[in-house]
Amino acid sequence: MTANLLDYDLEGLAAFCASLGEKRFRATQLFRWIHQKGARDFAQMTDLAKSLREKLEGSARIEGLPVLTQHESADGTIKWLFDVGNGDAVEAVFIPEDDRGTLCVSSQAGCAVGCRFCSTGHQGFSRNLSTGEILAQLWFAEHFLRAHLETHGERVISNVVMMGMGEPLQNYAALVPALRVMLDDHGYGLSRRRVTVSTSGVVPMIDRLGEDCPVALAVSLHAPNDELRDKLVPLNRKYPIAELLDACNRYLEHAPRDFITFEYCMLDGVNDQPEHARQLADLVQRHRGRGVSCKLNLIPFNPFPASGLVRSPQQSVQAFAKILSDAGIVTTVRKTRGDDIDAACGQLAGDVKDRTRVDRRIAQQRTVMLKQVPADTATKEG
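What comes next concerns the included structure. (Residues numbered from 1 in each chain as written. Predicted model: local features only at pLDDT ≥ 70, side-chain atom pairs only at ≥ 80, totals over all residues. Heavy atoms only, no water.)

Overview of the pattern of salt bridges
- According to the stated counting rule, one finds 13 salt bridges in the structure shown.
- We note a salt bridge from R146 to E142, for which the minimum N-O separation is 2.7 Å. Of this pair, R146 and E142 are both found in helix α5 (residues 131–148), four residues apart, which corresponds to roughly one turn of the helix.
- Residue class for R146 comes out buried when judged on its relative accessible area of 16%. (Salt bridge = Lys/Arg side-chain N within 4 Å of Asp/Glu carboxyl O. Helix = DSSP H or I, 4+ residues; strand = E, 2+ residues; numbered from the N terminus. Buried < 20%, exposed > 50% of the residue type's maximum accessible area, 1.4 Å probe, protein only.)

Written out as structure tokens, the structure is:
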């Protein structure tokens, strides 16, 4: 079986080229062709020796993920559903803003954490994605968007957030090489401050990430005490809040930003009362007598039928935010994007498994796409 070159960071690609008897600079050229130019055909790589291109034709491939569906929101948000085989699918979402373009990337097919307010968690866990499958979402989106938005080769995606399907730190071995490609100047050249890993609190892996590849960190907190967080984020029973905040402070010694972002999904009558806000302020400001340098990001809940939960009224969200702000904590309320295409936070792939018969649906979607899409479009990947 040929090697999919999307699975390699630059060091891995250099080792692969060495196995073909090629020098490191050839790996750098190849890496640029793949990630900076979006090439998928070795014949396009005109500055590579013909002998190397022939070796690559016999031993390697550049294979993205087939696109099953693409939906564009009224606000410009675009959501793609990618086929990862065996009836599984994952989603990525592009969120355009005036000063940035953010891509939300998935790391697993499904999720094993099972947070009560997340539709992805309700579909269960299928498998980890490979490094190539994580990167394929960025590779496809960046080069599709350049053509779609007619940017004349200018980069579109300035920020990547690992906030799609899955718990990134439970797929650590595939995650770190993918992050390195995102950061590499010969790849996507993203700033460490503009690549964010979101975690529900896998404490040992937070420590490893700080050592191996520190990027911006977002922690899904969602409750100010262990009793409530145990119910909302089951992982809390293994890594309770005090241990998690200790890990956050250790991470800050390596982090590219001088704060951790705590994400807090606002659930009506569950975690949105004034006493919760006061507990939260006390928690992040007084933990171990020093607190945690942080920003709070309040997230309006995006309802789905199986949750049994309701979005907090705007009045409650604003009152909650005011208590935190008055306590001196930088607090933002996330603007919901992509609601009309189920691309908002917590909604990803809510219909992929929950509405069952996924194998049949994906086969039908693939057939329709092949009939509708010209052969030279991006959905021909793989």
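From this point on, the discussion continues.
Some remarks on the nonpolar core
- Grouped together as the largest cluster of nonpolar side chains are 115 residues, with contacts concentrated most on L30, W80, F117, L179, M182, L209 and F262.
- The contact partners of F262, leaving out residues within four places of it in the chain, are V219, L221, L245, C248, V284, V292, C294, K295, L296 and N297. (Core = buried A, V, L, I, M, F, W, Y, C linked by side-chain atoms within 4.5 Å. Contact = heavy atoms within 4.5 Å.)

Here we look at the side chain of S220
- One can find S220 in strand β11 (residues 216–220).
- Judged by its relative accessible area of 12%, S220 is buried.
- Here the side chain of S220 touches E263 through a polar contact of 3.3 Å, side chain to side chain.
- Residues contacting S220, with those up to four places away along its chain left out, are S198, T199, S200, R229 and E263. (Polar contact = N/O pair within 3.5 Å; in protein donor to acceptor, adjacent residues only side chain to side chain.)

A few points about unusual backbone geometry
- With phi around 70°, H222 is a residue other than glycine that occupies positive phi space.
- Turning to its location among the elements, H222 is positioned in the loop between β11 and α8 (226–232).
- Here R288, not a glycine, exhibits a phi torsion of approximately 55°, which is positive.
- Secondary-structure assignment places R288 in the loop between α10 (274–286) and β13 (294–300).

Examining the packing of aromatic side chains
- Under the definition given, this model contains seven aromatic pairs.
- Ring geometry for Y264 against F320: centres 5.2 Å apart, planes inclined by 35°, an arrangement best described as tilted. Here the residue Y264 occupies a position in strand β12 (residues 260–266), and F320 occupies one in helix α11 (residues 314–326), the gap between them amounting to 56 residues. For the pair Y264 and F320, one class covers both residues: buried.
- By way of ring pairs, the aromatic residues W80, F82, F140 and F144 are connected into one cluster.
- One residue, K37, lies across the ring of W33, its end atom 3.9 Å from the ring centre. (Phe/Tyr/Trp six-rings, centres within 6.5 Å; stacked < 30°, edge-to-face > 60°. Lys NZ or Arg CZ within 6 Å of the ring centre and 35° of its normal.)

Structural notes on the sheet that holds β13
- Here ten strands make up an open sheet; going across it, the order is β3-β4-β5-β6-β9-β10-β11-β12-β13-β14 and the pairing mixed. Bordering the open sheet on either side are β3 (67–72) and β14 (330–333), each of which pairs with just one other strand. Sheet twist, expressed as the mean angle between neighbouring strand axes with direction ignored, is 20°.
- Relative to β12, β11 is paired through three bridges, and the arrangement is parallel. Residue pairing across strands places A218 opposite T261, the latter belonging to β12.
- Seen against the sheet, α5 touches β3, β4 (78–85), β5 (88–97), β6 (100–104) and β9 (159–162) and runs at an angle of roughly 140° to β4. (Pairing = 2+ DSSP bridges. Axes fitted to C-alpha atoms, helices over the stretch in contact; angles between N-to-C directions.)

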